[in-house]
Amino acid sequence: MPAARSTGINGRLAEGRDLAAVVTISHLVKKYGAFTALSDVSLTVGAGEFLTLLGPSGSGKTTLLMSLAGFADPDSGSIRIGDREIMGVEPHKRNIGMVFQSYALFPHMTVGENVAYPLKLRGVGRADREDRSRRVLSAVQMPGYENRRIDQLSGGQRQRVAVARAIVFEPDIILMDEPLSALDKKLREELQIELKHLHRRLGSTIIYVTHDQKEALTLSDRIAVMNRGQIVQIAKPQEMYEHPASAFVADFIGYSLLLPIARSDSSSVDKSQLGALADNPYALLVVRPEKLDIVSEDHRQPGHFYFTSEVKDVVYQGDIVMVYARLKSGEDIVVRRDSRFATLQALPRGGSPMRLALHQSDTSLVTDDRAGVAPLAS
Amino acid sequence: MRRPAIGNLWLTPFAILVVLFLLAPVFVVIPMSFSDSNYLQFPPQVWSLRWYHSYFDAAEWMAATRTSLLAASCTVLLATPIGFLSAFAIRNMRGKAAAVLFGFLLLPQVVPVILLAIGVFFIYIRLRIVDSFLGIVLAHTALAVPFVVTTVSAGLKRFDFSLDQAARSLGASRFRAIFDVMLPQIRLSLFAGAIFAFVTSLDEVVVSLFIAGGDNTVLTRKMFLALRDQVDPTIAAISTLLIVVSVIAVGVFMLAVQRDNRRREENI
Ligand SMILES: Nc1ncnc2c1ncn2[C@@H]1O[C@H](COP(=O)(O)OP(=O)(O)OP(=O)(O)O)[C@@H](O)[C@H]1O
Ligand SMILES: [Mg+2]
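Residues numbered from 1 in each chain as written. Chains lettered and ligands numbered in written order. Predicted model: local features only at pLDDT ≥ 70, side-chain atom pairs only at ≥ 80, totals over all residues. Heavy atoms only, no water.

K.L.:
Give a detailed account of the overall build of chain A, specifying residues and quantitative values.
P.N.:
The secondary structure content of chain A amounts to 10 helices and 18 strands. Along the first, second and third principal axes, the C-alpha set of chain A runs to 75 × 50 × 40 Å. Looking at chain A as a whole, 54% of its 378 residues qualify as buried. Relative to all contacts within chain A whose residues are 6 or more apart in sequence, the contacts with residues 24 or more apart total 69%. Distance between charge centroids for chain A: 4 Å, based on 46 positive and 45 negative side chains. (Helix = DSSP H or I, 4+ residues; strand = E, 2+ residues; numbered from the N terminus. Buried < 20%, exposed > 50% of the residue type's maximum accessible area, 1.4 Å probe, protein only. Contact = heavy atoms within 4.5 Å. Lys, Arg positive; Asp, Glu negative; His and termini not counted. Charge placed at Lys NZ, Arg CZ, Asp CG, Glu CD.)

K.L.:
Talk me through the sheet that holds strand β1 (residues 23-32) of chain A; I want residue IDs and the actual numbers.
P.N.:
The strands making up a sheet are joined through hydrogen bonds of the backbone, oriented either antiparallel or parallel. Pairing in this open sheet of 4 strands is antiparallel, and the strands run β2-β1-β4-β5 (chain A) from one edge to the other. Each edge of the open sheet is held by one strand with a lone partner, namely β2 (35-45) and β5 (84-85) of chain A. (Pairing = 2+ DSSP bridges.)

K.L.:
Give me the UniProt feature "domain: ABC transmembrane type-1" (unreviewed entry) in chain B: which residues, what numbers.
P.N.:
Mapped onto the present numbering, the UniProt feature "domain: ABC transmembrane type-1" (unreviewed entry) falls on residues 65-253 of chain B. In residues 65-253 of chain B, helix accounts for 85% and strand for 0%; the two terminal C-alpha atoms are 23 Å from one another. (UniProt positions renumbered as here; feature names shortened; annotations may be inferred.)

K.L.:
Talk me through the site of ligand 1; I want residue IDs and the actual numbers.
P.N.:
The local shell around ligand 1 holds 14 residues, among which Ser57(A), Gly58(A), Lys61(A), Thr62(A) and Thr63(A) are the closest. Two or more chains meet at ligand 1, and those chains are chains A and B. Note that a nitrogen atom of ligand 1 is positioned 3.4 Å from one of the side-chain N or O atoms of Tyr32(A). Thr63(A) is positioned with one of its side-chain polar atoms (N or O) 2.5 Å from an oxygen atom of ligand 1. Contact with the protein chains removes 66% of the 640 Å² of surface that ligand 1 exposes when unbound. Of all elements in the fold, only β2 and α2 (61-69) of chain A reach the threshold of two or more residues within the shell around ligand 1. Considering each element in turn, the shell around ligand 1 owes the most residues, 3 residues, to α2(A). Here the shell around ligand 1 is composed, by residue class, of 4 nonpolar, 7 polar and 3 charged. (Near = heavy atom within 4 Å. Polar contact = N/O pair within 3.5 Å; in protein donor to acceptor, adjacent residues only side chain to side chain. Areas by Shrake-Rupley, 256 points an atom, 1.4 Å probe, with all protein chains shown as cover. Nonpolar A, V, L, I, M, F, W, Y, C, P; charged D, E, K, R; others polar.)

K.L.:
So what about the interface of chain B and chain A? Which residues, and what values?
P.N.:
On the chain A side, the residues contacting the 18 residues of chain B number 24 residues. Summing both partners gives a buried area of about 1,900 Å² for chain B against chain A, and 60% of it is carried by carbon and sulfur. On inspection of chain B and its partner chain A, the count reaches 0 salt bridges. Here chain B and chain A share 5 residue pairs in polar contact (both at pLDDT 80 or more) between them. (Buried area = accessible area lost by both parts, 1.4 Å probe. Salt bridge = Lys/Arg side-chain N within 4 Å of Asp/Glu carboxyl O.)

K.L.:
Explain the UniProt feature "transmembrane region" (unreviewed entry) in chain B to me, using residue names and the numbers behind them.
P.N.:
Per the UniProt record, the feature "transmembrane region" (unreviewed entry) sits at residues 9-34, 69-90, 97-127, 133-156 and 235-257 of chain B. Secondary structure content for residues 97-127 of chain B is 94% helix and 0% strand, while the C-alpha to C-alpha distance between its ends is 31 Å.

K.L.:
Can you explain the pairing of strand β4 (residues 76-81) of chain A? Please cite residues and give values.
P.N.:
All names here are of chain A. Pairing analysis gives 5 bridges linking β1 to β4, with the strands arranged antiparallel. Each residue of the ladder has a partner; that of Ser-26, found in β4, is Ser-78. One ladder, built from 2 bridges, connects β4 with β5; its direction is antiparallel. Considered in β5, the bridge of Ile-81 is made with Arg-84. In sequence, β4 turns back onto β5 through a hairpin of 2 residues, with Gly-82 there showing a positive phi of about 60°.

So this is what it looks like as structure tokens:
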């Protein structure tokens, strides 16, 4: 064992030492009978990276995580942590920390016993065990809870204890399957920030599963979007949101309208920057409501797509205002504005014409892969 | 406790009738065992403990009792792990295979017991284990396993298997995870299964009539023979004792359940 590891998690908590492992998944296939849950998934997670698997229900996120943890047995492919191949290795020999959606805390053990359990299994002495549990519990904002029973804890506290138990034995990587989904929104957002800080302090490699695209955008270094057992795009959050590689991703992350490019006036746009799809008549333009500008009739600047529409409805929502309109060609379009006084004053009324501008840096072109068409190669 | 709704009040006398009907034999047997009469008499004219003396002073009765208790204990030791492991396997199987295995394990309690007894008898003749202690324990285990499988399966249904996965991800081998996490969670079901197994063996008479004679005569068989040869009131005393043992077994179990519930409530 390298010398640096002996400083342990407490050393890491104190110094932010980066001792995390790289995870290399190649050509992973998992079938349940005739159903393919993972079809040729390849993915490299960097040392200390926070990677989120995001995708609709049934897309294979849990299956991928369980394959890493050793509870699903892939049919073929390889998984390496650092340079150790772990396919076929029993779960308890993988040294992976895992946080479950249901927390999976042991009800017949106290908080302290839960957290110390992995240390006990590793033959750590009693005094050392208690010392390390105590420190890790402080790190997750649960100091002094050692003697509580699990059923005396709130959901948020259970979640923290589950995290403490998963990190106390210094696993090579940490897996989390929707760890916050059982909590209410406010607590969830609080814990997201805590997790983010904890990740920074530990510097561990974390693979995280969520349904919640906002959570993914908030927490991740990179996001891998999955659909039907495949990874359809891997990118940093901003890249993912601003430049989705396919209609599926554009639709899944954030709200977007997908309009055939021919519905817009694209005469001012520099087509050379639009990529391979610029001349494809079936290409779809990703239109996000907050990226649209309401402009005057004579507005014409290079780099903009323009749309002509008629306002249907203006809906005030407190922090924002949504303007619903219809294009000449019949499609509905939505514009999102802030709710400052000046903005509200300038908004068009229902029934009046509205010209919209969309800068080409604020959009991308995608092909329609939603109806089973193969995803766009990126 | 919730009070019954007014509309359900007629249920109470009905329930009492049912209980009385079920307990009637017990109310007959217990007084009879304290009779001084030379034959089974109800209600007894003169009270005495002579049939208890007759039981405890007879070496033959004591030997049969020892065999019965030993067989029941060995049945518990065999049937409980077998039943647990079967229930565990069934829980981990998918689809039809699980249902088939479950049904298969229940067979000894589904097949008419007289058929089972004849079958076992003929097999035991081949194996030369008629009237052997091993033979008794094996047959009783087969009869007890269905109860253990049923109770443990019910317990496992409530067990959250992510606890098992959590233990293993934290470094526990499969075996260790079962001991550290699963068994503490399902211990009441296991306990119930063990008690069922014990009582099943202690109570069993039909199969024992065929295969549990000679030096290894069990209590129930001896009682049956005693009834056939001459109506010996000793069996009323023994029946009373068996009832006491069963009541104690069930009582211990109820206490365990209650303690468990109380602990759970205290922690809410
Ligand atoms: N043990 C199993 N047997 C058969 N099919 C399974 C099994 N486990 C998962 N599947 C199937 O594999 C697919 C992927 O499941 P998985 O649990 O990985 O999805 P997920 O992305 O985690 O979904 P969710 O967001 O709902 O948790 C699903 O269609 C599911 O029905
Ligand atoms: Mg899942």
